[in-house]
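Commentary on secondary and tertiary structure
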Amino acid sequence: MSEQTLSNLSREERRFEPPADLAADANVKEEAYARADSDREAFWADAADRLDWGQKWDQVLDWSNPPFAKWFVGGTINAAVNCVDRHVDAGNGDKVAIHWVGEPDDDTRDITYAQLKDEVSKAANALTDLGVKKGDRVAIYMPMIPEVVVAMLACARLGAPHTVVFGGFSADALASRITDCDAKVVITSDGGYRRGAASALKPAVDEAVEKTAGPDGQSQVRHVLVVRRTGQDVDWDDDRDVWWHEAVDNASADHEAEMHDSEHPLFVMYTSGSTGKPKGILHTTGGYLTGTSFTHWEVFDLKDDDVYWCTADVGWITGHSYMVYGPLANGATQVMYEGTPEKGRWWQIVQDYQVSIFYTAPTAIRTFMKQGREIPDGYDMSSLRLLGSVGEPINPEAYVWYREVIGGDRCPVVDTWWQTETGQIMISPLPGVTAGKPGSAMKGLPGVGADVVDDDGQSVPDGSGGYLVLTQPWPAMLRTLWGDDQRFKDTYWSRYPKQGFYFAGDGAKKDEDGDLWMLGRVDDVMNVSGHRLSTTEIESALVSHPKVAEAAVVGAADETTGQAVCAFVILRESAGDGGPDIVEELRKHVQKEIGAIAKPRQIMVVPELPKTRSGKIMRRLLKDVAEHREVGDVTTLADSTVMDLIKDKEGSGA
Ligand code: WTA
């Protein structure tokens, strides 16, 4: 890590103290760090005690066979009962669980905990009638409608692990996931709404099921349960397909839930690895529910009257942990929105539903920055009291804009670092304790061991960079990769076998105060002339220029320096074409912000950046352009025409 880079970061001197009233009444206070340090297992046992258990555990953690952890050994629990029934039993059946907002403007539904309990029970009975038994896998491929939550909880209730596949994935991707986890039933809908139009889902399921057929022409998928959402025409197989409104609506609302072993599989979530084949991340019941519900209460300081909104799609881990299991286990009232971010609509929803806690991704924040503050300024968002960020490093400029423009300069921003694999938030400020630093995720939460180490696994001193590791097991940790224990060991646990650390695959550094700055995936960290540079840091520098809205940086192979910095930038609307010297101006700006070493070799001004449907920039494709290669697989892009626009720019020498 170059000296200049580090000194650039330590120049970030803005601090935001927690609001006094929030600090005084915070769910989790400073003492929690020391309490967790003195007895980590007792700390997590207290967190597990917030849930309802059938039988209490005999042992908090069994780590006798690392890296295969068992949490709350001997305990039995049902995730659906914890997310629904227990709130009804406690007299909160009339509390709204979900304010659902459909994409068409007038389409809304409020669902109470009592209604949710009935729906989940009916769906569990309907799935049983379709032959689903404890241990069977069920694939879910649905838009953001309440039935997706009902479907997940019904599976959890039965102990049938679900695998939710993001509705934007192709039939191929769905088929490979169905095959990998051997799903017996698929739950889907005729379609969903995307940007004002009905978009079909069922044809992709039909195609995927066909692809999974064996040599005898039979697929392992016995039934497809279909919600009618858009009313569009669908092909129908009478033996296989079943309408939700027939099977579920006519089922009994009485369902006796079985308590499952704490380590019973809850779900498999596929995520991309460094190789082509997606990894099936396995989460189990007791530890996962403990980790997600506790951190949701802790990090968002959840109170009984809060209205919480996480904008993630249910097809990603954030949707699982912080839209379904965490908030519902806590009995929260939340907003669920079917659409994607559009100008003004989000803020209208915040205003209409008096949202108090809002959780989104930096890429959305930067998009709104690009559109200008006039749009959010047109809404009353005084109900907000806390803001969260997740998914990628949030650059200081975006953090400050989020805090000021969306949060009215009064809401703390919690930058939460975690992964599909960790299941729960691991590194984050505590909103009632931490003086926030724009751009830093600060430090491991109480009970979490997080450190930055060098190649030998030695903890690096403050002011230095290295690899992010997790030094202690935690309740919501992945248990293995579905059907591939060896890959699980190789991917996460083989880097530091002596210390037994979990290798996160992220670069990070400690600033002079020992606070953590995430530097992006290790494969996004460049090595230029022997200096380690972060793509994120250079992007952050570029975005701090008044003409720049968004930036993506890649390290392209370079004969002399090893790698060279290549940047792709989108200008703000107000900057027009940036002027004739825009490229030189931006190179100089990066030089000024970080140092000559970070000055991009090449800057391309582009109209769009290639993003996945979850909003992650696909740097791999930009790297192909920067290295003058044929652009690789674009199937996971939200909009596959973006690469043509970028290549045109390259061709024209802009
Ligand atoms: C990145 C999403 C910086 C990181 C919950 C991680 C972050 C990967 C942050 C996991 C953050 C997530 N700051 N980087 N606050 N949150 N990341 O599995 O590189 O989709 O390894 O889980 O996202 O992405 P995943």
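Values in this document were obtained by computation on a predicted structure and should not be read as measured data.

As for the UniProt feature "binding site: CoA" (unreviewed entry) in the chain
Under the feature "binding site: CoA" (unreviewed entry), the UniProt entry names Arg194, Arg195, Gly196, Ala197, Thr318 and Ser529. Its location among the elements puts Arg194 in strand E9 (residues 191–194). For Arg194, a relative accessible area of 39% puts it in the partly exposed group. What Arg194 contacts, discounting residues up to four positions off in sequence, is Glu103, Ser199 and Thr340.

As for the site of the ligand
Lining the immediate surroundings of the ligand are 16 residues, of which Asp415, Thr416, Thr420, Asp506 and Arg521 lie closest. Here a nitrogen atom of the ligand sits 3.4 Å away from a polar atom, N or O, in the main chain of Pro393. Interatomic distance of 3.2 Å between a side-chain N/O atom of Lys616 and an oxygen atom of the ligand. Relative to its unbound accessible surface of 530 Å², the ligand loses 90% to contact with the protein. Elements that contribute at least two residues to the shell around the ligand include exactly helix H12 (317–329), strand E20 (413–416) and strand E25 (516–521). Looking at the shell around the ligand, its residues break down into six nonpolar, five polar and five charged.

Some remarks on helix H19 (residues 582–593)
Between its terminal C-alpha atoms H19 stretches 16 Å, which fits the 16 Å expected from twelve residues at 1.5 Å a residue. Residues of H19 that are buried: Ile582, Leu586, Arg587, His589, Val590 and Glu593. Projected onto a plane normal to the axis of H19, the buried residues spread over an arc of 160 degrees and lie on a single side. Exposed and oriented more than 90 degrees from the buried face of H19 are Lys588 and Lys592. Of the residues one or two after H19, Gly595 is the one with positive phi, at around 140 degrees.

Examining the sheet that holds strand E24 (residues 502–510)
Reading across the sheet, the four strands line up as E21-E22-E24-E25 and stay open at both edges, with antiparallel pairing between neighbours. Every interior strand has two partners, whereas the edge strands, strand E21 (450–453) and E25, have only one. Sheet twist, expressed as the average angle between the axes of neighbouring strands with direction ignored, equals 45 degrees. Strand direction decides the pairing type here: strand E22 (residues 465–470) and E24, joined by five bridges, are antiparallel. Pairing of Gly466 across the sheet is with Ala508, part of E24.

Remarks on empty space enclosed by the protein
If you walk through the whole model with that rule in mind, you get five cavities of 30 Å³ or more. Looking at the largest cavity, its volume works out to about 70 Å³. Looking at the largest cavity, it is lined by 13 residues, and the ones nearest its centre are Phe16, Pro412, Val413, Thr434 and Gly436. When contributions to the lining of the largest cavity are tallied by element, the ones reaching two or more residues are helix H16 (396–406) and E20. In terms of residue class, the lining of the largest cavity is made up of nine nonpolar, two polar and two charged.

Points about the nonpolar core
By size, the foremost hydrophobic cluster in this structure holds 116 residues, and its most contacted members are Ile140, Leu153, Ile187 and Tyr325. Among the elements that line this core, the one with the most residues is helix H7 (residues 146–158), at ten residues. With residues near it in sequence (within four places) discarded, Leu153 still touches Ala80, Cys83, Val84, Leu116, Val120, Val324, Tyr325 and Leu328. In this structure, Phe16, Val307, Ile365 and Leu387 belong to the second largest nonpolar core, which totals 30 residues.

With respect to helix H4 (residues 40–48)
Taken together, the buried positions of H4 are Phe43, Trp44, Ala45, Ala47 and Ala48. Where H4 is buried, its residues touch helix H3 (31–38), strand E1 (59–62), strand E2 (70–73) and helix H11 (286–299).

So, the environment of Ala208
Tracing the backbone through its elements, the reader meets Ala208 in helix H9 (residues 202–211). Looking at Ala208, the relative accessible area reads 0%, which means it is buried. In sequence terms Ala208 and Val149 are 59 residues apart; their C-alpha atoms lie 22 Å from each other. Non-local contacts of Ala208, meaning those with residues more than four positions away in its chain, are made with Ala171, Leu174, Ala175 and Ile178.

Scoring rules and cut-offs
- Residues numbered from 1 in each chain as written.
- Predicted model: local features only at pLDDT ≥ 70, side-chain atom pairs only at ≥ 80, totals over all residues.
- Heavy atoms only, no water.
- UniProt positions renumbered as here; feature names shortened; annotations may be inferred.
- Helix = DSSP H or I, 4+ residues; strand = E, 2+ residues; numbered from the N terminus.
- Buried < 20%, exposed > 50% of the residue type's maximum accessible area, 1.4 Å probe, protein only.
- Contact = heavy atoms within 4.5 Å.
- Near = heavy atom within 4 Å.
- Polar contact = N/O pair within 3.5 Å; in protein donor to acceptor, adjacent residues only side chain to side chain.
- Areas by Shrake-Rupley, 256 points an atom, 1.4 Å probe, with all protein chains shown as cover.
- Nonpolar A, V, L, I, M, F, W, Y, C, P; charged D, E, K, R; others polar.
- Expected span 1.5 Å × (residues − 1).
- Arc of directions from axis to C-beta.
- Pairing = 2+ DSSP bridges.
- Axes fitted to C-alpha atoms, helices over the stretch in contact; angles between N-to-C directions.
- 1 Å grid on protein atoms, 1.4 Å probe; cavity = no way out; pocket = protein on both sides within 12 Å on 5 of 7 lines; lining within 4 Å.
- Points joined across faces, edges and corners; volume = space filled by probe spheres on them.
- Core = buried A, V, L, I, M, F, W, Y, C linked by side-chain atoms within 4.5 Å.

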